Amino acid sequence: MGFTSILFLFLFLPLSLGIYYIVNENVKEYVLLFISLLFYALGSLRYLSLFIIEIFLTVLIGRLLSNSQKTKWKRFLLLLGIGINVCLLGYYKFFDLAVSASNRVLGTNIEAGNILLPLGISFFTFKSVSYLVDIYTGKAVLCANPVHDALYLSFFAHIQSGPLTRYNDMQPVGNGNGSEGRMNLFSDGVFRFLIGFNKKVLIANVLVKITNEIFSTPFEDFSSAYAWLGSICYSLQLFFDFSGYSDMAIGTSEMFGYHCMENFNYPYATESVTKFWRRWHISLSQWFRDYVYIPLGGSRSKRKNRVYINLFVVWLLTGVWHGISWNFIAWGLGYYALIAFERATGIPDSFKTRIGKIIYRVFTLLFINLQWIIFRTDDLITGLRYIKRMFICKGNSLADLRTVFLIKDYFSFILLAVFLSFPIIPWLNKKLEDKEGTRFICEMVLAILTFGLFIWAISFVTSGSNNPFVYANF
């Protein structure tokens, strides 16, 4: 059950909110835990028992870890908890891939299990690791009631694709802030949810029609313009799909009274590849920084080469996390190469002229665009062949005509996507900071427009024009 499904929008979410706000304050977390488990059951009933067992074992180990005073015992519990979660993730995510690779390389004939991926297992594992590590290091201050721990791990708003919140950050807005504070957060959450819904349905789901057509076209029917259109539209589609999901997840959290960290900050407005990953999937980048890069020694290592080894490990794992295939590994190591280059040279901050920084910004966006092609295609060879078609192509008149037709047919959507992928609206808000009357009118217009677009988007969903979230595959 996705956030854009009719079942979620008009039955699950309103009923859950109604029940949650009716019950007594003392049992709200119990109710929200039950709601989260119900959401999981509706999306992945086959693995519900596994999900509950994982939650129970992780919380049990976490509580034992918190109460233990012996260093060796704490280290054993930490490794046990991480081992259980990582092994389960590895089995469900990589077993079939490993069997297929073994059959190809070794010539064996082992049957793959055709294992279905449990709902949200990747993000659950990452949250479990952060929960256990933060307890071990003393960063996490556990609540008296372990139900809160279980809710943190299973909260339905985050279970599918994040954001990867930290244990200490998941605290409800209490009565100390008054009902007004909670209502303000609720209204902010509703607006944020509508924004994300519109991003997904009205932009990402439209752009996917272009990308699916182009990426499924045989290369002999390509032209360079056709290939460029597909790559640009996919870069935009992926951003609005995933940032739209994140907006809905954040909005849902706020509707239930929980603040949630940001996950996207206009990543295509970046100045460099390094800064791109401070804006794109922020919670994942911070997770790898805090639980892989820093434990390896981070950037404080006495040996300079060690820093680049640490970065290599992080980006190799980032690629492998998306899948054990050469295109994902190349995708991760491609980012490693550019980030290591920027770190070694100080580019683009070392440029003295504005033109140099502008040129490097254009190069950065081009590199990211090419990287998304590697990410999108089924294998590395196909991705490289696609990129070749972007720059070296004999031309195809029918493909060029089709490109013109697609641009004419979808021009407004593509233009809107480009416009909204840059911080134009925050820039306008800043300009109107001292003009309260004008700002109020603009906010009212934006609210009415957002709600009107939401109604329009609903018509798309009810007609069956909907696609699953891209990152649900991971």
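Now for a look at the structure at hand.

Definitions and cut-offs
- Residues numbered from 1 in each chain as written.
- Predicted model: local features only at pLDDT ≥ 70, side-chain atom pairs only at ≥ 80, totals over all residues.
- Heavy atoms only, no water.
- Helix = DSSP H or I, 4+ residues; strand = E, 2+ residues; numbered from the N terminus.
- Rg over C-alpha atoms; globule rule 2.2 N^0.38 Å.
- Buried < 20%, exposed > 50% of the residue type's maximum accessible area, 1.4 Å probe, protein only.
- Contact = heavy atoms within 4.5 Å.
- 1 Å grid on protein atoms, 1.4 Å probe; cavity = no way out; pocket = protein on both sides within 12 Å on 5 of 7 lines; lining within 4 Å.
- Points joined across faces, edges and corners; volume = space filled by probe spheres on them.
- Axes fitted to C-alpha atoms, helices over the stretch in contact; angles between N-to-C directions.
- Parallel < 35°, antiparallel > 145°, perpendicular 65-115°, else oblique.
- Nonpolar A, V, L, I, M, F, W, Y, C, P; charged D, E, K, R; others polar.
- Salt bridge = Lys/Arg side-chain N within 4 Å of Asp/Glu carboxyl O.

**Structural notes on the overall build of the chain**
Looking only at helices and strands, the chain features 18 helices and zero strands. Rg of the C-alpha trace for the chain: 24 Å, near the compact-globule value of 23 Å for 474 residues, within the 12% margin. Each principal axis of the C-alpha distribution contributes one length, and for the chain these read about 70 × 65 × 55 Å. Here the chain, with 474 residues, has 49% of them falling under the buried criterion. Long-range contacts, defined as pairs at least 24 residues apart, comprise 75% of the intrachain contacts of the chain with a sequence gap of at least 6.

**Overview of the layout of surface pockets**
Roughly 1,500 Å³ of internal volume is contained in the largest pocket. Residue lining of the largest pocket: 43 residues in total, with F191, I195, Y266, I425 and L446 positioned closest to the centre. Counting only elements with at least two residues in the lining of the largest pocket, the list comes to α8 (178-215), α9 (224-255), α16 (397-420), α17 (424-431) and α18 (436-462). Examining the composition of the lining of the largest pocket, we find that eleven residues originate from one element, α18, more than from any other.

**A look at the packing of helix α3 (residues 48-67) against helix α5 (residues 121-137)**
Closest axis-to-axis distance for the α3/α5 pair is 9 Å, and the angle between their directions is 10°. With respect to α5, the axis of α3 lies roughly parallel. Here F51, E54, I55, T58, V59, I61, G62, R63, L65 and S66 of α3 lie close against α5, whose contacting residues are I121, F124, S128, Y131, L132, I135 and Y136. Per-class residue counts for the contact of α3 with α5 are eleven nonpolar, four polar and two charged.

**Thoughts on unusual backbone geometry**
Of note, the bond from G162 into P163 is cis; its omega dihedral lies within 30 degrees of zero at 0°. In this structure, P163 sits in the loop between α7 (156-159) and α8. The peptide bond linking I347 to P348 adopts the cis configuration, its omega dihedral lying at 5°. On the secondary structure map, P348 appears in the loop between α13 (326-345) and α14 (354-376). Backbone geometry at Y266 places phi at a positive 45°, although glycine is not the residue there. Within the element layout of this structure, Y266 appears in the loop between α9 and α10 (273-276). Of note in the backbone geometry, H281 takes a positive phi value of approximately 45° without being a glycine. Residue position: H281 is located in the loop between α10 and α11 (282-293). Since its relative accessible area comes to 0%, H281 is described here as buried.

**Quick look at empty space enclosed by the protein**
In this approach the atoms are scanned with a rolling probe the size of a water molecule, which exposes any empty space left behind. Summed over all chains, the structure comprises one cavity of 30 Å³ or more. The calculated volume of the largest cavity comes to roughly 40 Å³. For the largest cavity, the full set of lining residues is Y40, L50, F51, E54, P118, L119, I121 and F124. No other element matches α3, which puts three residues into the lining of the largest cavity. Grouping the constituent residues of the lining of the largest cavity by class yields seven nonpolar, no polar and one charged.

**Side note on the packing of α14 against helix α15 (residues 380-391)**
The contact between α14 and α15 brings their axes to 8 Å, and the two run at 140°. By the criterion of interaxial angle, the relationship of α14 to α15 is oblique. Where α14 abuts α15, its residues L366, N369, L370, I373 and I374 lie against L380, G383, L384, Y386, I387, M390 and F391.

**Quick word on the pattern of salt bridges**
It is possible for side chains of opposite charge to pair when their charged atoms get near one another. Enumeration according to the criterion identifies eleven salt bridges in this entry. Two residues, R402 and E213, come together in a salt bridge whose shortest N-O distance is 2.7 Å. On the criterion of sequence distance, the pair formed by R402 in helix α16 and E213 in helix α8 is long-range, its members being 189 residues apart. Take E213: its relative accessible area is 23%, and that puts it in the partly exposed class. Of the charged contacts in the structure, one is a salt bridge between R361 and E271, with a shortest N-O distance of 3.6 Å. One end of the pair, R361, is in helix α14; the other, E271, is in the loop between α9 and α10, with 90 residues separating them in the sequence. In this structure R361 comes out as partly exposed when scored by relative accessible area, which is 34%. When salt bridges that share partners are traced, they join R192, K199, D247 and E262 into one network.

**With respect to the environment of S154**
Mapped onto the secondary structure, S154 falls in helix α6 (residues 146-154). Residue classification places S154 among the buried positions, given a relative accessible area of 1%. It is 25 Å that separates the C-alpha atoms of S154 and G319, two residues lying 165 residues apart in sequence. Not counting the four nearest positions on each side in its chain, S154 is found in contact with L33, S36, F51, I55 and I159.

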